[in-house]
Number of protein chains: 2
Amino acid sequence: MKIAIAQLNPTIGDISGNAQRILDAARQAAEQGAQLLLTTELSLCGYPPKDLLMQPSFVGAIAQELKSLAQSLPPDLAVLVGAPVLNERSHLNGGKSLHNAAVLLHHGKIQQTFFKRLLPTYDVFDEDRYFEPGKESGWFELTGESNLKIGVTICEDLWNDEEFWGKPTYGVKPLDDLAAQGVDLVVNLSASPFCVGKQQMREAMLRHGAKRCQLPILYANQVGGNDDLLFDGNSFALNQEGNLMMRAASFQPDLVYVTVDESNGDLEPAEIVTLPNCPEAEIWGALVMGVQDYVRKCGFRRVVLGLSGGIDSALVAAIATAALGAENVLAILMPSPYSSDHSISDALQLAENLGIATHALPIQPAMQGFDTVLEPLFADTEPGVAEENIQSRIRGTLLMAISNKFGHLLISTGNKSEMAVGYTTLYGDMNGGLAVIADVPKTWVFAVCRWLNERGWQEWHHDLATPQEVIPQNILDKPPSAELKPGQVDQDSLPPYDELDDILERFIENHESPRAIVAAGHDPAIVEKVVRLVTNAEFKRKQAPPGLKITERAFGTGWRMPIANRWRPSTTHPTEDTPAPPSKPVPTYAPQ
Amino acid sequence: MKIAIAQLNPTIGDISGNAQRILDAARQAAEQGAQLLLTTELSLCGYPPKDLLMQPSFVGAIAQELKSLAQSLPPDLAVLVGAPVLNERSHLNGGKSLHNAAVLLHHGKIQQTFFKRLLPTYDVFDEDRYFEPGKESGWFELTGESNLKIGVTICEDLWNDEEFWGKPTYGVKPLDDLAAQGVDLVVNLSASPFCVGKQQMREAMLRHGAKRCQLPILYANQVGGNDDLLFDGNSFALNQEGNLMMRAASFQPDLVYVTVDESNGDLEPAEIVTLPNCPEAEIWGALVMGVQDYVRKCGFRRVVLGLSGGIDSALVAAIATAALGAENVLAILMPSPYSSDHSISDALQLAENLGIATHALPIQPAMQGFDTVLEPLFADTEPGVAEENIQSRIRGTLLMAISNKFGHLLISTGNKSEMAVGYTTLYGDMNGGLAVIADVPKTWVFAVCRWLNERGWQEWHHDLATPQEVIPQNILDKPPSAELKPGQVDQDSLPPYDELDDILERFIENHESPRAIVAAGHDPAIVEKVVRLVTNAEFKRKQAPPGLKITERAFGTGWRMPIANRWRPSTTHPTEDTPAPPSKPVPTYAPQ
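Residues numbered from 1 in each chain as written. Chains lettered and ligands numbered in written order. Predicted model: local features only at pLDDT ≥ 70, side-chain atom pairs only at ≥ 80, totals over all residues.

Regarding the overall build of chain A
Looking only at helices and strands, one finds 18 helices and 20 strands in chain A. On C-alpha atoms alone, chain A measures out to a radius of gyration of 26 Å, which is about the 25 Å that the 2.2 N^0.38 rule sets for 592 residues. Here the C-alpha coordinates of chain A stretch approximately 85 × 60 × 50 Å along the principal axes. In chain A, buried positions account for 61% of the 592 residues. Intrachain contacts of chain A at a sequence separation of at least 6 include 72% that bridge at least 24 residues. (Helix = DSSP H or I, 4+ residues; strand = E, 2+ residues; numbered from the N terminus. Rg over C-alpha atoms; globule rule 2.2 N^0.38 Å. Buried ≥ 20, exposed ≤ 12 C-beta atoms within 10 Å, placed from the backbone. Contact = placed C-beta atoms within 7 Å.)

Brief notes about the nonpolar core
One finds Ala317 of chain A together with Ala317 of chain B to be the most contacted residues of the largest nonpolar core, which totals 386 residues. In contact with Ala317 of chain A, not counting residues within four places along its chain, are Leu305, Leu307, Val329, Ala331, Leu350, Leu354 and Ile356 of chain A. (Core = buried A, V, L, I, M, F, W, Y, C linked by C-beta atoms within 7 Å.)

Some thoughts on the sheet that holds strand S15 (residues 266–267) of chain B
Residues and elements named next belong to chain B. One open sheet accounts for seven strands, arranged S5-S4-S3-S2-S1-S14-S15; its pairing is mixed. Two strands in the sheet have a free side with no partner beyond their single neighbour: strand S5 (109–115) and S15. Relative to strand S3 (residues 78–86), strand S2 (residues 36–38) runs parallel, the two sharing three bridges. Considered in S3, the bridge of Leu37 is made with Val79. (Pairing = 2+ DSSP bridges.)

Focus on the packing of helix H10 (residues 364–378) of chain A against helix H10 (residues 364–378) of chain B
At a minimum axis distance of 7 Å, the contact between H10 of chain A and H10 of chain B shows a crossing angle of 175 degrees. When the axis of H10 of chain A is compared with that of H10 of chain B, the two are roughly antiparallel. Between H10 of chain A and H10 of chain B, the residues in contact are Pro365, Ala366, Gln368, Gly369, Phe370, Thr372 and Val373 of chain A and Pro365, Ala366, Gln368, Gly369, Phe370, Thr372 and Val373 of chain B, respectively. Of the residues contributing to the contact of H10 of chain A with H10 of chain B, the split by class is eight nonpolar, six polar and no charged. (Axes fitted to C-alpha atoms, helices over the stretch in contact; angles between N-to-C directions. Parallel < 35°, antiparallel > 145°, perpendicular 65-115°, else oblique. Nonpolar A, V, L, I, M, F, W, Y, C, P; charged D, E, K, R; others polar.)

Some thoughts on the relation of the copies chain B and chain A
Mapping chain B onto chain A is achieved by rotating through 180 degrees and translating by 0.0 Å along the same axis, at an RMSD of 0.0 Å. Classification of the inter-copy transformation places it as that of a two-fold axis. Identified as the residue of chain B closest to the rotation axis by C-alpha distance is Gln543 of chain B, at 2.0 Å. (Least-squares fit on C-alpha atoms with pLDDT ≥ 70 in both.)

Describing the sheet that holds strand S16 (residues 303–306) of chain B
Residues and elements named next belong to chain B. The five strands are arranged S18-S17-S16-S19-S20 in an open sheet whose pairing can be described as parallel. Edge positions in the sheet fall to strand S18 (357–360) and strand S20 (434–435), since each has one partner strand and no second. The sheet contact formed by strand S19 (residues 409–412) and S20 spans two bridges and is parallel. Residue pairing across strands places Ile411 opposite Leu434, the latter belonging to S20.

Thoughts on helix H11 (residues 385–406) of chain B
The first and last C-alpha atoms of H11 of chain B sit 32 Å apart over 22 residues, in line with the 32 Å expected at 1.5 Å per residue. At the exit of H11 of chain B stands Gly407 of chain B, carrying a positive phi of roughly 80 degrees. (Expected span 1.5 Å × (residues − 1).)

Some thoughts on the interface of chain B and chain A
Quoted interface sizes are often the accessible area lost when the parts come together. Contact residues are listed per partner, giving 102 residues for chain B and 102 residues for chain A. Listed by contribution, the elements that provide at least two residues to the side of chain B that touches chain A are helix H2 (56–72), helix H3 (90–93), helix H7 (279–297), H10, H11, helix H16 (514–519) and helix H18 (538–542) of chain B. Sort the elements by how many residues they give to the side of chain B that touches chain A and H11 of chain B lands first, with 13 residues.

A short note on the confidence of the model for chain A
All names here are of chain A. For chain A, the mean per-residue pLDDT works out to 94, and 97% of the residues sit at or above 70. Counting interchain partners and residues more than four positions distant, the pLDDT-below-50 stretch residues 581–592 has 28 contacts. Interface scoring of the predicted complex returns ipTM 0.95; its pTM is 0.96. (pLDDT = per-residue confidence, 0-100.)

What about helix H6 (residues 198–213) of chain B?
All names here are of chain B. The terminal C-alpha atoms of H6, which comprises 16 residues, lie 23 Å apart, in line with the 22 Å expected from a rise of 1.5 Å per residue. Considered for burial, the residues of H6 that qualify are Gln199, Arg202, Leu206, Gly209 and Ala210. Considered in projection along H6, the buried side chains sweep an arc of 100 degrees and stay on one side of the axis. Contact partners of the buried residues in H6: helix H5 (174–180), strand S9 (217–221), strand S11 (229–232) and strand S12 (236–238). Downstream of H6 by a residue or two, Gln214 has a phi angle that is positive, lying close to 55 degrees. (Arc of directions from axis to C-beta.)

Things to note about the domain arrangement of chain A
All names here are of chain A. Per the domain assignment, the segments making up chain A are domain 1 (2–275) and domain 2 (281–492). Between the C-alpha centres of domain 1 and domain 2 the distance comes to 39 Å. Contact residues are listed per partner, giving ten residues for domain 1 and nine residues for domain 2. Elements with a minimum of two residues in the side of domain 1 that touches domain 2: strand S10 (223–226) and strand S11 (229–232). Residue composition of the side of domain 1 that touches domain 2, grouped by class: four nonpolar, four polar and two charged. (Domains from an automatic or database assignment.)

Topic: unusual backbone geometry
A cis amide bond links Tyr47 of chain A with the next residue in sequence, Pro48 of chain A, at an omega value of 0 degrees. Phi at Tyr427 of chain A is positive, roughly 70 degrees, even though this residue is not glycine. The topology assignment puts Tyr427 of chain A in the loop between helix H12 (416–421) and strand S20 (434–435). Not every positive phi belongs to a glycine, and Leu42 of chain B is a case in point at roughly 50 degrees. If you trace the backbone, Leu42 of chain B turns up in the loop between S2 and H2.

Focus: the packing of helix H15 (residues 497–509) of chain A against helix H17 (residues 524–536) of chain A
All names here are of chain A. As a packed pair, H15 and H17 sit with axes 10 Å apart at the nearest point and diverge in direction by 65 degrees. Along this stretch, H15 crosses H17, giving a crossing that reads as right-handed. Taking contact as the criterion, the partners of Glu499, Leu500, Ile503, Leu504 and Phe507 in H15 are, on H17, Ile526, Val527, Val530, Val531 and Val534. Tallied by class, residues from the contact of H15 with H17 come to nine nonpolar, no polar and one charged. (Left-handed = near helix turned anticlockwise from the far one by under 90°.)

Some words on the pairing of strand S8 (residues 185–190) of chain A
All names here are of chain A. For S8, a buried count of six out of six residues is recorded, marking the element as mostly surrounded by other parts of the structure. Along S8, one buried face is formed by Leu185, Val187 and Leu189 and the opposite face, lined by Val186, Asn188 and Ser190, is buried too. Summarising the sheet, strand S7 (residues 150–154) and S8 pair through five bridges and their orientation is parallel. Across the sheet, the residue bridging to Ile150 is Leu185, located in S8.

Regarding the environment of Asn510 of chain B
Note that Asn510 of chain B resides in the loop between helix H15 (497–509) and H16. Sequence separation of Asn510 of chain B and Arg553 of chain B is 43 residues, and the distance between their C-alpha atoms is 8.5 Å.

Remarks on the pairing of strand S9 (residues 217–221) of chain A
All names here are of chain A. Most of S9 is tucked away, with five of its five residues classed as buried. Because side chains alternate across S9, one face comprises the buried residues Ile217, Tyr219 and Asn221, and the other comprises Leu218 and Ala220, equally buried. Here S8 pairs with S9 via five bridges, running parallel. The residue bridging Leu189 from the neighbouring strand is Ala220, located in S9. As for the winding sense of the linkage, the β-α-β connection from S8 through helix H6 (residues 198–213) to S9 is right-handed. (Right-handed = clockwise from strand over helix to strand, strands pointing away.)

Remarks on the environment of Phe555 of chain A
Residue and element names in this part refer to chain A. Of note, Phe555 is situated in the segment after helix H18 (538–542). For Phe555, a count of 26 C-beta atoms within 10 Å translates into the label buried. Note: C-alpha distance between Phe555 and Ala438 (117 residues apart in sequence) is 8.1 Å. Apart from residues no more than four positions distant in its own chain, Phe555 is found in contact with Met419, Ala438, Arg541, Ala544 and Gly547.

This is how it looks when you write it as structure tokens:
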């Protein structure tokens, strides 16, 4: 039996477009002799559809599209489509009005429907908000064509593995239930978001499950960017021993095939696409895809960004160029009297390396305009943060004016470290429709840029004979500075970035208490300061654009903090910490 | 038996401060001869604590505070404290690591702990993200002091009433379970957020439950503002017949008492505070409290706002004045060459009525500064939205400069209608730490202002002999305008506000499909346009400050929409709508 996996990149809400993507894959799969096509979780509406699920016309349109898709598909190909469906029993028994379902279309009709049982409600996931869990696991067989009993699961259904995690995460175990029902293999429709190292972890976990139950597993994962969430694809198949028999592409749509040998019920070997070879390559691939998809799915073609001569905007410009082509990236240089000479020359060198257009707009006339307007109020005050922020807000306003005038999407360039501690100006450098590297810590910004120069840019452009210094060396070498007053550098206000980033990772991603962070070797005064800065910057993050998620825990959808909040955890507080409630049932993966 | 209800206004995360509030109430209650004190849901950490619940030191500090509070309380008074507690079985059985609990403190110790069973995960609520539901309902008695069996419930536990709602909302019924266990009365620790008409609905629902089960119900509700959520208090008590025997104050902390006649197990009459006498008064009281609490809980004392001479900023200035005192409100007038004369004179008249300070900062010099900077890029273009937005962003930047310089919190003045359709400038008039009237539709802005002039301002200030025209009549009479170009009025771009607001309420709050809205009598072209505007403005709302929630469904925490989204519901689409999944299990309440 030949099974196809359509690793799809749906656009949220584009029901007919997504149906067309499924149909295209189905026609190809049928031509290749497949009997079954797997799609990804909620493939018909895209994942996550969020509160669109509360619009009755949305759910109605999906139900109608399911019926007409069933009739358009090649009749001999069975297709598992992911879609929300009504919970018919909600009116009688209570509970949510929808199920997250896998719908089996075959011979022109809906043949069977399977409900997701484990609904992730942590980190970026809100599935209990919309869906009622399924009560049991189910399987199907393609009667007359094959005797294989195929168990159906959806994403999280396979993530409750007590042996693998050391503890159960839910009370029920769909994989074990299917094994008990005597299925021959298990398929999984997923929309599992990317973070660095996630695929290694997925494969290790499912390998454990496959081997334990002696069941082949076919895992179909969504690909593409939907707002802040990036889906890496990497669909794969494991045989009864848990060995990897197939892997699809990272960060791009794919249509792949696996053959089940019906004599022994196990999989035959198929193509295994290699994974990105380092965390830097993963981050790069994810962010390029994220920019590409956000721009396209929002209906834009071109982007504008401010180029400061610093490393953050340099990396974002490189990502945008790789994503959209140099001709679709406009870089604006906005020097002030406090800008260093090298900030201009470095930015221009970068733009030349990338081949992107630039305009220079010196901001002094606007600064003078504000000075004139504010003179009556500010006359007797010392220049300080207010004046520094005005410079940043002038730049933000200029970039938005260009965006409004010419229809370019403004992308912002702040990194995770500065978003964490609030070293950023709200309504200034935070302006933009998408915060490209908002989840990339500063130390990783440097690492990705070094990798780009050493081999990344060359590997990405298959036609380059040698490595290329795409990020000017001076940008990598000089100390980071916001250049909002003479001689300013980041380290005047912040601890060194390697120290800062380690504290932030422990606090934000690993849920460590300040006391535990001190116990790991950090200076208590610095830990207290960093934690206080993170808490005090909540009001800024509340108003930040979506940022592309690449770590275990990003600011944004998966970080829900009160703003008016008096909690300030202390490094010396005598209370005992309780075990950290993990935001998601995965261990921290340490990138090499 | 005398039972006290502490209607508390906790600050999120202020564990020791909240413990002190409970202690103060307990001492008073003990002096008054009460044997039991009820507090509100999660009273020790404040509701909603959100992702603070994932910080192990936070949960640890609460556990420790519970123990020390038990020892500090008057030993003969039993106190039910709301707190998150560890789910000890999560490591064995899976499930979330916390319970939302009511902890009975008595005689210096934790005597019993009760877990919330129905966890709201809809609208603004995310309880499944953090909490494992309790498996059963429980009760206690104060042995040796009383024979009453007192059943304990937490907020949502009482909201599943199939008869009242016409359908079950959950599979289990805590009130019926307690009745079956033969309890004598039921207490409820709540943190139920306000919306217009909510209290009437709460009382009607619990009246139904009390009568059905022939059980008195004591309902203790949190009061105060926590970011976007407003809690109205209005704690109350119903006797066995469901009659109202006591009601506490609206929008302020209170400590009230109810006596249970142990001979018949029913309640004796106590004081019933009257509710605000119209929706306008409710909205006013809620927003005044919301501003007061956000400013105080964020550590500010004074606010700054832009006064345009329009009705939105007029209402916000009046609310801020009532909340903080005239001396703590600074109003900035920022006329441009397109501002009408009356915009200045109306704003000054309003400021005089309120007694607040003003500064006028004409923005033309800053406009010229931007013109100079942008000249090389914009030379050959027609002036349009880009230039209009620059004016708004200059104003937003000036206000933030004043906020940064003098430490005033900037509050923004946009209403719900314009937030819905995106008739607002991101990084301009949207700037601020709190969006005071972001959930008030424009027609209600007018209604509240008229009410203020006719009787509201007089009723609020108990010392005024006659109604006072606090909002200048000209502000009420003139057509709304953004004044970003000569002669501009809102109705150039938008349908009349009464029509717009009705469409918006149906679409946003009532989950009606565009087709249903047309069927209710609206013009299909206008409905399509409005729905498209709402969808297209999602990127702006993503970056909006928190807005105080006063309707069934506000933008913000309870509105989770994708930005890159191709779904555009049509008025003519032939699909059948499915029944709307309600965002919360309540009917729409129509204000009189």
